[in-house]
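Chain by chain, the residues:
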2 protein chains.
Amino acid sequence: MFTGSAAERDARDPLAGVRERFVLPRDQIYLAGNSLGALPDTVAVRLERAVREEWGEGAVRSWNRADWIGAPRRVGDRLAPLLGARPGEVLVCDATSVNLFKLLGAALRLRPGREVVVCEGDGFPSDGYIAASAASWLAPGHRLRTVPRAKLLDAFDRDVAVVLLHHVDYRSAHRLPMTEVCEAARAHGVLTLWDVSHSAGAMPLELGRAGADLAVGCGYKYLCGGPGAPAFVYVRGELVPALEQPLQGWLGHRAPFAFEADYEPASGIERLLCGTPPILSLLAFEAALELLGALDPLAVRAKSEALGDFFIACAERECAGLGVEIASPRAARERGSQIALRHAEAYEVMQALIARGVIGDFREPDLLRFGLAPHYVRFSDVERAVHTLRDVLAQGAQRDPRYRQRNRVV
Amino acid sequence: MFTGSAAERDARDPLAGVRERFVLPRDQIYLAGNSLGALPDTVAVRLERAVREEWGEGAVRSWNRADWIGAPRRVGDRLAPLLGARPGEVLVCDATSVNLFKLLGAALRLRPGREVVVCEGDGFPSDGYIAASAASWLAPGHRLRTVPRAKLLDAFDRDVAVVLLHHVDYRSAHRLPMTEVCEAARAHGVLTLWDVSHSAGAMPLELGRAGADLAVGCGYKYLCGGPGAPAFVYVRGELVPALEQPLQGWLGHRAPFAFEADYEPASGIERLLCGTPPILSLLAFEAALELLGALDPLAVRAKSEALGDFFIACAERECAGLGVEIASPRAARERGSQIALRHAEAYEVMQALIARGVIGDFREPDLLRFGLAPHYVRFSDVERAVHTLRDVLAQGAQRDPRYRQRNRVV
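As the structure is a computational prediction, the values presented were derived from the model and not from experiment. (Residues numbered from 1 in each chain as written. Chains lettered and ligands numbered in written order. Predicted model: local features only at pLDDT ≥ 70, side-chain atom pairs only at ≥ 80, totals over all residues. Heavy atoms only, no water.)

Colleague: It is not clear to me how the overall build of chain A should be interpreted in this structure. Could you clarify?
Modeller: A tally of helices and strands in chain A yields twelve helices and 15 strands. Taken over C-alpha atoms, the radius of gyration comes to 22 Å for chain A, in line with the 22 Å a tight globule of 410 residues would show. If one aligns the C-alpha atoms of chain A with their principal axes, the spans along those axes are about 70 × 55 × 45 Å. Looking at chain A residue by residue over its 410 residues, the buried ones come to 67%. Long-range contacts, defined here as pairs at least 24 residues apart, represent 71% of the contacts in chain A between residues at least 6 apart. Element-wise, carbon and sulfur atoms account for 48% of the exposed surface of chain A, whose accessible area totals about 13700 Å². Computing the positive centroid from 49 side-chain charges and the negative centroid from 51, chain A places the two 1 Å apart. (Helix = DSSP H or I, 4+ residues; strand = E, 2+ residues; numbered from the N terminus. Rg over C-alpha atoms; globule rule 2.2 N^0.38 Å. Buried < 20%, exposed > 50% of the residue type's maximum accessible area, 1.4 Å probe, protein only. Contact = heavy atoms within 4.5 Å. Areas by Shrake-Rupley, 256 points an atom, 1.4 Å probe, with all protein chains shown as cover. Lys, Arg positive; Asp, Glu negative; His and termini not counted. Charge placed at Lys NZ, Arg CZ, Asp CG, Glu CD.)

What follows is the structure in structure tokens.
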């Protein structure tokens, strides 16, 4: 299906029409959807209604009438099919790091007597910060065992309570074989806690079938839920009733409006709620899922893989001898939905690209990242991005002193 | 200033024009602003810009260009004057309960060797759940000392690390004398942690001058930040550098985008950040503060007190012998900005009032709550609300079977 020129591939793309459903930066090639997903056309109208009708006219009554109170579970159920989860296994709330803290606490209580938390030495740093924090604050005496990604399967033993895994690595986009890792962990009684921030939305996930115990992820990358969209938690159904978590706030109570003195958790996944959720951000995410949830997940994955293969082929052809190296797996099945390139002046190169209308991002120390969100990135975008990269490198344009100044780059 | 008939009081109200800046439920008397503040006219236009221009057109670049990344601190600085705080002492992020957990953890580390957390036995239950959770998860061996609100001043000794206080009680609206409590706590080396959810926005606070150490509060009541608006934390300036908190996520790092393997907290109040904030909800709150921050805080308080006094006077006159009792302090200086009435059939009475266009709320077991947000509630609203209440009670309208069915009421 995806062969020939970029134009031919775009012409045959079954998802080509979906791009029209997004608002994208004008005259830019937007390859940063792995950082902030583009704006779906369902959002603005939904938010307008949420603000004027539900907040303005309905006001406090909208907690019931507009079912704001049910939103974390409702949006979770809407998200569940994209994660390979069942209704009641997913909840949308709080930030990824906050949810990670909850689930690490929960995992430690589910595995009393085991004193080790395994995490990747080169994983997303924030997850590592939270793992360190959870081990130190929630379970003094526990320790982190930091393991290279390639050695994870050898890191499990009877001392390990839980392993924190990045399904897709935020730099290289390397993807772990979820089923295999879950099996290896389960053989030692180790709980798996997956961060699927860099895969959810870009490919069909199979958390249930793969045997994942717990997962978190953010709503604002491929899921297009908006800046800082509430994150999600997944808990394998049979673990829910025994789950205890440290952030026990009123919305996780079995009867929040009974205002009982003692905390008793909700029987379902709602026990992972804590405080009142940010409804406007949550409804924006829900509106995004209306659009994303209607797409064929296999078509999404097929295009994602094809975009990545095409990017690599273009980069190898156009940028040979220009100092870049492919830092992502070549095999699409081992990859998420971005391509990372290594270059000694990666920061400056990315500044030069952005100045020329190609929006990707830079990651320390030497990576150029290009997010290939299959919902709105075209093969012709990939081709133009690589041509622009080639031109920058061939001209040494990155050596312009303007590009050396280090501003914050997200 | 506030004397005479309701109409005369409204005519002399210096804040009368502010009501026009809010969108309110049509043909209703909205007395639930202590639960969800009404919609300021600054919000819809700001959100429209945030969605279409910043997210849609700016996309990931808006973290820098629109300073999304600075929003938690910027909105905190904007809120600070309403709290009696200095720039750099307030941060807007997460939910109140999550922030409470952070600050309880921080307080326990600031007072090593002290093993008691004091909290009110009859305070807002969610705060109690979090206090129990923090004591159990963060500091095994610690214990809660639950004290009636009236006995708080006698509860401090050298075993107490921190006391969790509700500035204004969520049911009665009773207000604690902040300076006096802070002095009593300080005399024993006890840290004060104030929940100001039920006072912030309705009256000028003086957290700094009163000597408060720590505070949290929500953005969605009198501050009108929207449903589930992000909450805030306050830390007395000199405590910030030593503060350690359990939810150490990437945005609390001194250099979030350096992606360093080890966590080092930001030097300022940003160390209380955890994950990525829900930007849309946060910008809605900021827009609300544009309006609220421009009002004269003394005029706000004067009107709040006058509305409460007027409510009590009307209720005593109109509802004598009808089975209601004033559950709020009569002295305005001991009160927040709501009036609570006790009635044996409070749930049904509130249903009857709502059916007649008076929106207040019910709190277990027998309270009718009427929020008197001084920004948009008129004296004539109070008068009509009390007249409606009198009519309901005089007719026994609450005994209509429709009103007995217990649905969720927020």
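Colleague: In this structure, what is going on with the relation of the copies chain B and chain A? I would like to understand it.
Modeller: Relating one copy of the chain to the other requires a rotation about an axis plus a shift along that axis. Mapping chain B onto chain A is achieved by rotating through 180 degrees and translating by 0.0 Å along the same axis, at an RMSD of 0.0 Å. Expressed as an axis order, the relation between the two copies is that of a two-fold axis. A shared binding surface is used by both copies, with 100% of the interface residues of chain B retained as interface residues in chain A. (Least-squares fit on C-alpha atoms with pLDDT ≥ 70 in both.)

Colleague: Before we go on, may I ask you to explain the packing of helix H11 (residues 346-355) of chain B against helix H12 (residues 379-395) of chain B in this structure?
Modeller: The description of two helices packed together rests on the angle between their axes and the distance between the axes. Residue and element names in this part refer to chain B. Relative orientation of the contacting elements H11 and H12 amounts to 120 degrees, with a least axis distance of 10 Å. Between H11 and H12, the interaxial angle falls into the category oblique. By crossing handedness, the relation of H11 to H12 is classed as right-handed. Taking contact as the criterion, the partners of Val349, Ala352 and Leu353 in H11 are, on H12, Thr388, Leu389, Val392 and Leu393. (Axes fitted to C-alpha atoms, helices over the stretch in contact; angles between N-to-C directions. Parallel < 35°, antiparallel > 145°, perpendicular 65-115°, else oblique. Left-handed = near helix turned anticlockwise from the far one by under 90°.)

Colleague: Any chance you could explain the interface of chain B and chain A here in plain terms?
Modeller: Many structure descriptions define interface size as the accessible area lost when the parts assemble. Taken together, the contact between chain B and chain A spans 85 residues of the former and 85 residues of the latter. The contact between chain B and chain A buries some 7300 Å² in all, and 68% of this surface belongs to carbon and sulfur atoms. Its largest share of buried area at the contact with chain A, chain B owes to Trp55(B), Tyr129(B) and Trp137(B), together 13% of the area lost on that side. Joining chain B to chain A, the criterion identifies two salt bridges. Where Arg26(A) meets Glu57(B), a salt bridge forms, and the shortest distance between an N and an O atom there is 3.5 Å. (Buried area = accessible area lost by both parts, 1.4 Å probe. Salt bridge = Lys/Arg side-chain N within 4 Å of Asp/Glu carboxyl O.)

Colleague: Looking at this structure, how should I read the pattern of salt bridges?
Modeller: Any two side chains of opposite charge can pair, so long as their charged atoms come close to each other. Residue and element names in this part refer to chain A. Summed over all chains, the structure comprises 78 salt bridges over all chains. For the salt bridge of Arg149 with Glu120, the shortest nitrogen-to-oxygen distance reads 3.0 Å. Of this pair, Arg149 sits in the loop between strand S6 (143-147) and strand S7 (160-166) while Glu120 is found in strand S5 (residues 116-120), placing the two residues 29 residues apart along the sequence. Each member of the pair Arg149 and Glu120 is classed as buried. Here Asp169 makes a salt bridge to Arg171, at a shortest N to O gap of 3.9 Å. Several salt bridges converge on common partners, so that one network encompasses Asp67, Arg74, Arg78 and Glu286.

Colleague: How do you make sense of the pairing of strand S7 (residues 160-166) of chain B when you look at a structure like this?
Modeller: Working note: regular strand, side chains alternate between the two faces of the sheet. Residue and element names in this part refer to chain B. Within S7, seven of the seven residues are buried, leaving the element largely enclosed by the surrounding structure. Relative to strand S8 (residues 191-195), S7 runs parallel, the two being bridged by five bridges. Opposite Val162, over in S8, you have Leu191 as the bridge partner. Between the parallel pair S7 and S8, the chain is carried across by helix H7 (residues 178-187), and the sense of this crossover is right-handed. (Pairing = 2+ DSSP bridges. Right-handed = clockwise from strand over helix to strand, strands pointing away.)

Colleague: Sorry if this is basic, but what is going on with the pairing of strand S15 (residues 367-371) of chain A here?
Modeller: Residues and elements named next belong to chain A. Within S15, five of the five residues are buried, which leaves it mostly tucked inside the rest of the structure. Burial along S15 is two-sided: Leu367, Arg369 and Gly371 and Leu368 and Phe370, pointing in opposite directions, are all buried. Sheet topology places strand S12 (residues 338-342) next to S15; five bridges connect them, and they run antiparallel. By the bridge assignment, Arg342 is partnered in S15 with Leu367.

Colleague: Would you mind going over the confidence of the model for chain A with me for this structure?
Modeller: Low pLDDT means the predicted coordinates in that region are not meant to be read closely. Looking at chain A, the pLDDT average stands at 96 and 99% of residues meet or exceed 70. What the predictor reports for the complex is a pTM of 0.97 with an ipTM of 0.97. (pLDDT = per-residue confidence, 0-100.)

Colleague: Got a minute to help me understand the side chain of Asn34(A) in this structure?
Modeller: Residue and element names in this part refer to chain A. Along the chain, the position of Asn34 falls in the loop between strand S2 (29-30) and strand S3 (39-40). Among the polar contacts made by the side chain of Asn34, one reaches the side chain of Gln338 at a distance of 2.5 Å. Sequence-distant contacts of Asn34, that is, excluding residues within four places in its chain, are made with His198, Lys221, Tyr222, Gln338, Arg369, Phe370 and Gly371. (Polar contact = N/O pair within 3.5 Å; in protein donor to acceptor, adjacent residues only side chain to side chain.)

Colleague: It is not clear to me how helix H4 (residues 71-83) of chain B should be interpreted in this structure. Could you clarify?
Modeller: In an α-helix, one turn spans 3.6 residues; hence positions three or four apart end up facing the same way. All names here are of chain B. Relative to the 18 Å expected for 13 residues at 1.5 Å per residue, H4 spans 18 Å between its end C-alpha atoms, a close match to the ideal helical length. Taken as a whole, H4 carries its principal kink of about 30 degrees at Asp77; the proline Pro81 stands between one and four residues after it. Among the residues of H4, Ala71, Pro72, Val75, Gly76, Leu79, Ala80, Leu82 and Leu83 are the ones counted as buried. As for H4, its buried residues are in contact with strand S4 (90-92), helix H8 (207-210), strand S10 (232-235) and helix H9 (279-292). Within two residues after H4, Gly84 carries a phi angle of roughly 70 degrees, on the positive side. (Expected span 1.5 Å × (residues − 1). Bend = angle between axes of the 7 residues up to and from the residue.)

Colleague: Teacher, can you tell me more about the packing of H4(B) against H9(B) here?
Modeller: Residues and elements named next belong to chain B. In the contact formed by H4 and H9, the axes pass within 10 Å of each other and the chain directions differ by 30 degrees. Comparing their axes, H9 and H4 come out roughly parallel. Both H4 and H9 take part in a crossing whose hand is left-handed. Of H9, the residues touching H4 (which contributes Ala71, Pro72, Arg74, Val75, Arg78, Leu79 and Leu82) are Leu282, Leu283, Phe285, Glu286, Leu289, Glu290 and Leu292.

Colleague: Even after reading the chapter, I still don't get the environment of Glu264(B), so can you show me in this structure?
Modeller: Residues and elements named next belong to chain B. Relative to the helices and strands, Glu264 is located in the loop between S10 and H9. With relative accessibility at 41%, the residue Glu264 sits in the partly exposed group. Contacts of Glu264, omitting those with residues within four sequence positions, involve Gly252, His253 and Arg254.

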